[in-house]
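Inside the fold
This is what each chain is made of:
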Amino acid sequence: LFSGYNTLKFDEPVLAQNLAQNLQHPDITTARNRTNGQANGRMDIMQLVRAATVYTPGVLCLTILNDMGTPSLSLGNVAQQNGVKLAPEDAHDAMNDVKATLGVAKMLKKTAPDLWRQMMLMSNVEGVNSFLAANTVFTVHDASYGRTRSAAVTSVIERASDNTQLLFNLALDPAPYMAMSVDDLAAHMRRKYLRDDSKPQPFILSDKKLQPILMPLSASDPVLDAKF
C-alpha cells in the first residue's frame, strides 16, 4: 500500500512518468504481486481528511480557512491544528512532509477507525468493486474541481475502459431518465454537465482508481437528509 498526501493526482503521475523514462514499470503502485495476484493499493491521506470532514465531523480541527473561505486542507495546516508535533529542524525539509503525513494518518486511524477501514478498502479497484457489489445504495462525497458535494446514490454502470463508475443521485427521481432512449439520455447528460453545477446533477462519475469516498448507509447519517 503506497501512501502520501495529495499524491493521487500529482505525485503518482510524476512518479509513473519518471519510472517510464528510466525504463521501469510505470504502474508499480497499482501492479499485482506475481506470486499471489494481490493488487497494490494507493491511499491518499488527503482523501481521508476530506472524508473525515463530512462523515466524522468534529474529529479534525480545521479552523484555518483558504482563500475561498472553506477549511484549508494543506498538510501543514491540518497537521498543525491536530496535534502533530514536528521538530524545528524538520521545517523546510522534504522529510517534514513525510513526518506530517504519518502523524495525520496515525491520528485519523486512532480517532476514526471505521473511516480508516473503509478508505483502506477504497485503495484499489478490487476493493471498490467489492463495496459496490455489497451495497445497492450508498453515499459518495466528491471534492473535485473546486466543488464539494455529497449524495445518496446507486450504481448504474461501469465504463470499463477507464474503471469509472457511473452513479445516479437519488435526490432526484430516476423515472424520467429510465424512460429516455439512449440518444436522448446522452444528449441530456451533455446538457446537464454544461449547466450550473450548483444544481443537483443526476449522474456522478466516480474514478475507482483514485480512492473514491464511498460510504455505506450505516455510516452516512451526517450527509443524509432527514427525508431520505
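Coordinates for the structure precede this section.
Residues numbered from 1 in each chain as written. Predicted model: local features only at pLDDT ≥ 70, side-chain atom pairs only at ≥ 80, totals over all residues. Heavy atoms only, no water.

**Some thoughts on the pattern of salt bridges**
Opposite charge on two side chains permits pairing when their charged atoms draw close. Going by this rule: By definition, a salt bridge exists where a carboxyl oxygen of Asp or Glu is found within 4 Å of a side-chain nitrogen of Lys or Arg. Per the convention used, a helix needs a DSSP run of H or I reaching at least four residues, while a strand needs a run of E reaching at least two, with both numbered from the N terminus. Buried means the residue's accessible area, taken with a 1.4 Å probe over protein chains only, is under 20% of the maximum for its type, while exposed means over 50%, and partly exposed covers the values in between.
Under the definition given, this model contains five salt bridges. As a salt-bridge pair, R42 and E12 come within 3.3 Å of each other at their nearest N and O atoms. Taken as a pair, R42 in strand β2 (residues 42-44) and E12 in helix α1 (residues 7-21) lie far apart in primary sequence, 30 residues in all. Residue R42 shares its accessibility class with E12, and that shared class is buried. Linking D207 and K209 is a salt bridge whose minimum nitrogen-to-oxygen distance equals 3.0 Å. Residue classification places D207 among the partly exposed positions, given a relative accessible area of 24%. Exposure remark for K209: the relative accessible area of 32% places this residue in the partly exposed category.

**Examining the side chain of T139**
The condition that has to hold: We define a polar contact as two N or O atoms separated by no more than 3.5 Å, with the added condition that, inside protein, one atom must be a possible hydrogen donor and the other a possible acceptor, whereas residues neighbouring each other in sequence contribute only through side-chain atom pairs. Note on contacts: a residue pair is in contact if any heavy atoms of the two residues lie within 4.5 Å.
Along the chain, T139 falls in strand β3 (residues 137-142). Among the polar contacts listed, one links the side chain of T139 to the side chain of Y55, at a separation of 2.8 Å. A distance of 2.7 Å separates a polar atom in the side chain of T139 from a polar atom in the side chain of S220. In this structure, T139 is in contact with Y55, A151, A152, I213, L214, M215, L217, S220, V223 and L224, ignoring residues within four places of it in sequence.

**What about the nonpolar core?**
Heads up, the rule is: For the purposes of this section, nonpolar cores are sets of buried Ala, Val, Leu, Ile, Met, Phe, Trp, Tyr and Cys residues that join through side-chain atoms within 4.5 Å.
Counting residues in each nonpolar core, the largest one holds 40 residues, and the members touching the most others are V104, M119 and L214. The element contributing the most residues to this core is helix α2 (residues 45-55), with eight residues. Not counting residues within four places of it along the chain, the set of residues in contact with M119 comprises M43, Q47, L48, A51, Q211, P212, I213 and M215. Ranked by size, the runner-up nonpolar core spans five residues in total, among them L166, F168, M189 and F203.

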